[in-house]
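Spelled out from the first residue to the last, the chains are:
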Amino acid sequence: MTFLKRHLLFLLITFYPVTSIAGGPPPPMLPGALEDECEISSDLENDLLLGDNSFDDNEECSLLAQGNVVKEGETLRSSTTTFTNALSGIAQGGLGNNRGQNVALIQKGFPASGLSAGDAWENYSFWLSYSRVETEDDLSSTAFDSSTNNAMAGIDYIVSDRMVVGLAFLAEDNDVDTVFNTGSQKIDGFMVAPYFGYSLTDVFSIDGSVGYGGYDIDQVRTDPVTGTLVDGDTESDRWFASFNLNAFRNVGNWFLSGRAGMVYSEEDHDGYTETGVAGAAVNPAVASQELEFGQLQIGGEAAYSLGNFEPFVSAFYEYDFEREKIIVNAGQARPDNDRDDVRLGLGVRAFSNDGFAGILQWNTVLDRSNFDSHEISLFGRLEF
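Because the structure is predicted, anything quoted here is derived from the model rather than measured.

Draft legend 1. Region of the structure containing the overall build of the chain. Counting its secondary structure elements, the chain contains five helices and 12 strands. If you take every contact in the chain between residues at least 6 apart in sequence, the share linking residues at least 24 apart comes to 66%. Counting every atom, the chain has about 17100 Å² of accessible surface; 58% of that belongs to carbon and sulfur.

Okay, structure coming up:
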């Protein structure tokens, strides 16, 4: 039984006026309710009362019930976009696009790919990256604060003057205060992702990546009835795929680039049983669930070469064609479930004459209701 089905059952049992069935007052509402478009048929209500927990597979609403599913969808979105955007930039950097390094080095009499370190590592680049993302939702029914640390490392190889391939590794640590259920969540995981970049012409190029990884999820919430802490621990598998079409043009000291792309990701969570402080089960087992995320992006960047330094600004429009809806209780503040936003960035690149390139960048997300996100990232590449 899917996560959706299990929690829909839980919600119906919670909200149904059981006084007429078993006597006594109805149980108090726990987090989670259906939006208007998620209709419940009378047949389904009868099945639930008769103990039939089966559901049709065409339900499309994600529910906030036990645990922290409200945060899971946002975690998948934030983590996937952070990783894939970085890999696109890394692939383009391997091709010598979106940066003035080639021009700066050639003008100083050095080879564009840096100084040779011997035939064994010729055409290879090693890179390291670190980013920290702070996100906040201030809507009372869904509020959370999140701090995510991403450490990445990789190696790429210049196959030809038009193609680069590489392999990236990601370690992620996500700490969340889930204010909406007076709890917390910790997500630790890793991903492995091959990527490539290919120059179609002197102006256009493509890049893409795929990745797979696993995550441990430890979470705590406060039971709204008893006020006690409830634990829920599980694991998940995640995969993603991304593809981008890029354009690059040099006008004097200006380096102008554009990108249109798509990313899609899925995450499968194992089922688990919530336990109380003493370790005893306190709720029905939470079934396994599948989260999906898909996004289209279009935007660009303008950079200006100052010799070995290159400040830049970027702006991208992002549209989520697939996302997890957040559902709240009747009477609670409803989230807008925004599907689009604008991501703005500022940064500077620095280049040395021995094949080293570094990037410092800041990003923020605009035009999402009750939501703020800020990212700071550092990147270093050594070319041989």
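Draft legend 2. Just the pairing of strand S1 (residues 124-137), in detail. Only one face of S1 is buried, namely the one carrying Ser125, Trp127, Ser129, Ser131, Val133, Thr135 and Asp137, since none of Tyr124, Phe126, Leu128, Tyr130, Arg132, Glu134 and Glu136 on the opposite face is buried. Examined bridge by bridge, S1 and strand S2 (residues 144-160) share 14 bridges and lie antiparallel to one another. Bridge pairing in S2 places Thr135 opposite Ser146. Counting the residues in the hairpin turn of S1 and S2 gives six residues. Direction of pairing for S1 relative to strand S12 (residues 371-383): antiparallel, over a ladder of 13 bridges. In the sheet register, Glu136 faces S12, and the bridge partner there is Asp372.

Draft legend 3. Up close: the pattern of salt bridges. Across all of its chains, the model carries 14 salt bridges by this definition. The salt bridge involving Lys186 is made with Asp188; its shortest N-O contact spans 3.8 Å. Of the residues examined, Lys186 reaches a relative accessible area of 32% and is grouped as partly exposed. Residue Asp188 is classed as partly exposed on the basis of its relative accessible area of 28%. Glu274 is the partner of Arg221 in a salt bridge, and the nearest nitrogen-oxygen pair spans 2.8 Å. Here the residue Arg221 occupies a position in strand S5 (residues 204-222), and Glu274 occupies one in the loop between strand S7 (254-269) and strand S8 (289-304), the gap between them amounting to 53 residues. Taken as a pair, Arg221 and Glu274 share a single burial class, namely buried.

Draft legend 4. Just a negative patch on the surface, in detail. A cluster of acidic side chains, namely Asp216, Asp218, Asp233, Glu235, Asp237, Asp268, Asp270 and Glu290, defines a negative patch on the protein surface. Those elements giving two or more residues to the negative patch turn out to be S5 and strand S6 (229-251). A total of three residues in the negative patch trace back to one element, the largest contributor, which is S6. Locating Asp237 in the fold gives a position in strand S6.

Draft legend 5. Region of interest: the packing of aromatic side chains. Counted according to the given criterion, the structure contains six aromatic pairs. Summarising the aromatic geometry, the rings of Phe83 and Phe240 are spaced 5.6 Å apart at their centres and angled 70° between planes, so their arrangement reads as edge-to-face. Residue Phe83 is found in helix H4 (residues 69-95), and its partner Phe240 is found in strand S6; the two are separated by 157 residues along the sequence. A relative accessible area of 2% means that Phe240 is categorised as buried. Judged by centre distance (4.8 Å) and plane angle (50°), the rings of Tyr124 and Tyr157 are tilted. Pair noted here: Tyr124 is in strand S1 and Tyr157 is in strand S2, with a separation of 33 residues, a long-range link. Under the relative-accessibility criterion, Tyr124 is labelled partly exposed at 26%. Of the residues examined, Tyr157 reaches a relative accessible area of 30% and is grouped as partly exposed. Its end group placed over the ring of Tyr215, Arg238 keeps NZ or CZ at 4.1 Å from the ring centre. The lysine or arginine in question, Arg368, covers the ring of Phe371, its NZ or CZ lying 4.1 Å from the ring centre.

Draft legend 6. Expanded view of the environment of Phe169. Mapping Phe169 onto the fold places it in strand S3 (residues 163-178). Taking the C-alpha atoms as reference points, Phe169 and Gly154, 15 residues apart in sequence, are found 6.0 Å from one another. Sequence-distant contacts of Phe169, that is, excluding residues within four places in its chain, are made with Ala151, Met152, Ala153, Met191 and Val192.

Draft legend 7. Up close: a nonpolar patch on the surface. On the surface, Tyr130, Leu306, Phe309, Val313, Leu346, Val348, Leu360, Trp362, Ile376 and Leu378 cluster together into a nonpolar patch covering about 880 Å² of accessible area. The residue Val348 is located in strand S10 (residues 340-351) in this model.

Draft legend 8. Structural view of unusual backbone geometry. In the Ramachandran plot, Thr182 falls in the positive-phi region, its phi being about 50° despite a non-glycine side chain. Looking at the secondary structure, you find Thr182 in the loop between S3 and strand S4 (183-199). Even without being glycine, Asn337 reaches a positive phi, approximately 50°. Among the structural elements, Asn337 can be located in the loop between strand S9 (309-322) and S10.

Draft legend 9. Spotlight on the sheet that holds S2. Reading around the barrel, the 12 strands line up as S1-S2-S3-S4-S5-S6-S7-S8-S9-S10-S11-S12 and close back on themselves, with antiparallel pairing between neighbours. Neighbouring strand axes in the sheet, compared pairwise and without regard to direction, differ in orientation by 15° on average. In this structure, S4 lies alongside S5, joined through 14 bridges in antiparallel fashion. Looking at the pairing, Ser199 lines up with Ser205 of S5.

Draft legend 10. View of the side chain of Arg368. Its location among the elements puts Arg368 in the loop between strand S11 (356-366) and S12. The exposure class assigned to Arg368 is buried, which follows from its relative accessible area of 11%. Not counting the four nearest positions on each side in its chain, Arg368 is found in contact with Glu74, Arg77, Arg323, Asp338, Asp340 and Asp341.

How each quantity is defined
- Residues numbered from 1 in each chain as written.
- Predicted model: local features only at pLDDT ≥ 70, side-chain atom pairs only at ≥ 80, totals over all residues.
- Heavy atoms only, no water.
- Helix = DSSP H or I, 4+ residues; strand = E, 2+ residues; numbered from the N terminus.
- Contact = heavy atoms within 4.5 Å.
- Areas by Shrake-Rupley, 256 points an atom, 1.4 Å probe, with all protein chains shown as cover.
- Buried < 20%, exposed > 50% of the residue type's maximum accessible area, 1.4 Å probe, protein only.
- Pairing = 2+ DSSP bridges.
- Salt bridge = Lys/Arg side-chain N within 4 Å of Asp/Glu carboxyl O.
- Patch = residues over 30% accessible without salt bridge, like charges linked within 9 Å, V, L, I, M, F, W, Y side chains within 5 Å.
- Lys, Arg positive; Asp, Glu negative; His and termini not counted.
- Charge placed at Lys NZ, Arg CZ, Asp CG, Glu CD.
- Phe/Tyr/Trp six-rings, centres within 6.5 Å; stacked < 30°, edge-to-face > 60°.
- Lys NZ or Arg CZ within 6 Å of the ring centre and 35° of its normal.
- Axes fitted to C-alpha atoms, helices over the stretch in contact; angles between N-to-C directions.

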